[in-house]
Amino acid sequence: MTLRIDIGGVPSGRVRFAASPLAELTAMLHVLAEPGHHPQLAGWAGDVWAGLRPELAERLREAEFLWRSSRADFLVPARPRPTLAEELDDVDRIDDETYVTAALVTTCGSNRVRFGSPSPLADAAARERALDLAQARGALQEAFAERLLADPAAVRARVRHTLEACAEAFFDAAWTGAAAQLATDLRLKNDLLKRQGVGAALASVSGAVALGPDGASIVVDKLQDNATTAQGAGVTFLPSVFGRPHLVAVHAPGWQPVVQYPVAEPSPAQPVPLETVTLRLEALAHPVRLRLLRTLARGPHTTGELAHAWELSAPEVSRHLAVLRRAGLLTASRQGRYVRYSVNVPDLTALGADLLAAVLR
């Protein structure tokens, strides 16, 4: 299962490595929303939450769908700028339909959900579908989607103001240290790119990223099967200090491919009982269950949502979820008429750092 990025005929100069303040802020916001994914940063996340003004904390919760399960495409720039303000100015130049579509994908919980033509901004049926999908995710998602569709300009301004407030509250201080680490990594990557070529630079990104055998594609090991092209604008690689262990790829139609990668590998996993390892490996020895687990790692989902996302029957999904639950890899919670399943991140971590990184990237 891979993401394949076509780079056939793309000049080497259009495979670029650069640092993005906005992408790193987004990685920090993801840590704050999902600290269980980042145990090494739990202390930092706790300190930030403790120091936030109540108003800003509430704003982060109301817009967290833009970065919690996946990243809204406009928060991972293909053409990074030196400052956060410049990158936010670029986001402001995106038209409402493009912005709203990207925001709805993350709000509705899956990058397998697409909103094309007709636009939810202009078509009542498309709008109703978007609101139904958001409602299935929860009341906060539904409220955010309603505001977004009713007044995109107001929501966009509020999101920008929230991100600017984050800069003052915690990002500026954290960026100082992170920028130095990113600069060190970029010197290595760009030197390899110049001296040894694209293949060597990609190999240094992650064991999950490689140049295809034909030299005409970049292959990213993800629990998905997708393809996109870098023809024309190229592809951008963004290092991240706060993003570990995630390997984030933006590849939606209409967006230039971007890959945000961690600058360091995860630490080795602690030993776990053989019986536990055996039980969980047996539960994971099925490609469908791996796909379901990868989707659930992005956030809680219902059986119906998983069935729709992967074009499976609800009974089939239920059977696979039952196997994962018996292995202790999932938890379930009821909210009204919906039962949502979530990944048991601590136990998945105990199973192995490599597996965790594969599921979360």
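Structure: above.
These remarks concern the structure in this document. Keep in mind that what you see is a predicted model, and the values were worked out from it rather than measured. (Residues numbered from 1 in each chain as written. Predicted model: local features only at pLDDT ≥ 70, side-chain atom pairs only at ≥ 80, totals over all residues. Heavy atoms only, no water.)

A separate point is the packing of helix α1 (residues 21–33) against helix α4 (residues 84–92). As a packed pair, α1 and α4 sit with axes 8 Å apart at the nearest point and diverge in direction by 90°. Compared by their axis directions, α1 and α4 come out roughly perpendicular. Counting all contacts with α1, which are made through P21, L22, A23 and L25, the residues of α4 involved are L84, E87, L88 and V91. For the contact of α1 with α4, the residue count by class is seven nonpolar, no polar and one charged. (Axes fitted to C-alpha atoms, helices over the stretch in contact; angles between N-to-C directions. Helix = DSSP H or I, 4+ residues; strand = E, 2+ residues; numbered from the N terminus. Parallel < 35°, antiparallel > 145°, perpendicular 65-115°, else oblique. Contact = heavy atoms within 4.5 Å. Nonpolar A, V, L, I, M, F, W, Y, C, P; charged D, E, K, R; others polar.)

With that settled, the discussion passes to the side chain of K189. With respect to the helices and strands, the residue K189 is situated in helix α8 (residues 152–195). For K189, the side chain forms a polar contact with the side chain of D185, separated by 2.7 Å. (Polar contact = N/O pair within 3.5 Å; in protein donor to acceptor, adjacent residues only side chain to side chain.)

Pairing is mixed in the open sheet, where four strands are placed in the order β3-β4-β1-β5. Unpaired on one side and paired on the other, β3 (209–211) and β5 (226–229) mark the two borders of the sheet. Sheet twist, expressed as the average angle between the axes of neighbouring strands with direction ignored, equals 20°. Pairing of strand β1 (residues 2–6) with β5, which is carried by four bridges, proceeds in the parallel orientation. Bridge assignment links L3 to a residue of β5, and that residue is N226. In the packing of helix α9 (residues 198–205) onto the sheet, contacts are made with β3 and β4 (217–221), and the angle to β3 comes to roughly 170°. (Pairing = 2+ DSSP bridges.)

Tallied over the entire structure, the rule returns 14 salt bridges. Among the ionic pairs, K189 bridges to D185, the shortest N-O distance being 2.7 Å. One end of the pair is K189 and the other is D185, both in helix α8 and four residues apart, which spans about a single turn. Note on K189: relative accessible area 2%, which makes it buried. When its relative accessible area of 9% is taken as the criterion, D185 is described as buried. One salt bridge in this structure joins D191 and R195, with 2.6 Å as the shortest N-O distance. Of this pair, D191 and R195 both sit in helix α8, separated by four residues, roughly a single helical turn. One network of salt bridges, with partners in common, ties together D89, D92, R160 and E164. (Salt bridge = Lys/Arg side-chain N within 4 Å of Asp/Glu carboxyl O. Buried < 20%, exposed > 50% of the residue type's maximum accessible area, 1.4 Å probe, protein only.)

A few words now on the sheet that holds strand β6 (residues 235–240). Strand order in the open sheet made by the four strands is β2-β6-β8-β7, with mixed pairing throughout. Strands at the two margins of the open sheet, each flanked by one partner only, are β2 (15–17) and β7 (248–250). Neighbouring strand axes in the sheet, compared pairwise and without regard to direction, differ in orientation by 15° on average. Pairing of β7 with strand β8 (residues 258–262) involves three bridges; the strand directions are antiparallel. Directly across from V248, in β8, lies its bridge partner Q260. Strand contacts of α8: β2, β6 and β8, with the helix running at about 150° to β2, the strand carrying the most contacts. Across the sheet, α9 lies against β2, β6 and β8, angled at about 45° from β2, the strand it touches most.

Grouped together as the largest cluster of nonpolar side chains are 52 residues, with contacts concentrated most on L29, L66, W67, F74, L163 and F170. A total of 12 residues in this core trace back to one element, the largest contributor, which is α8. Each residue touching F170, except ones within four places of it in the same chain, is listed here: L25, M28, L29, L32, W44, V48 and L52. (Core = buried A, V, L, I, M, F, W, Y, C linked by side-chain atoms within 4.5 Å.)

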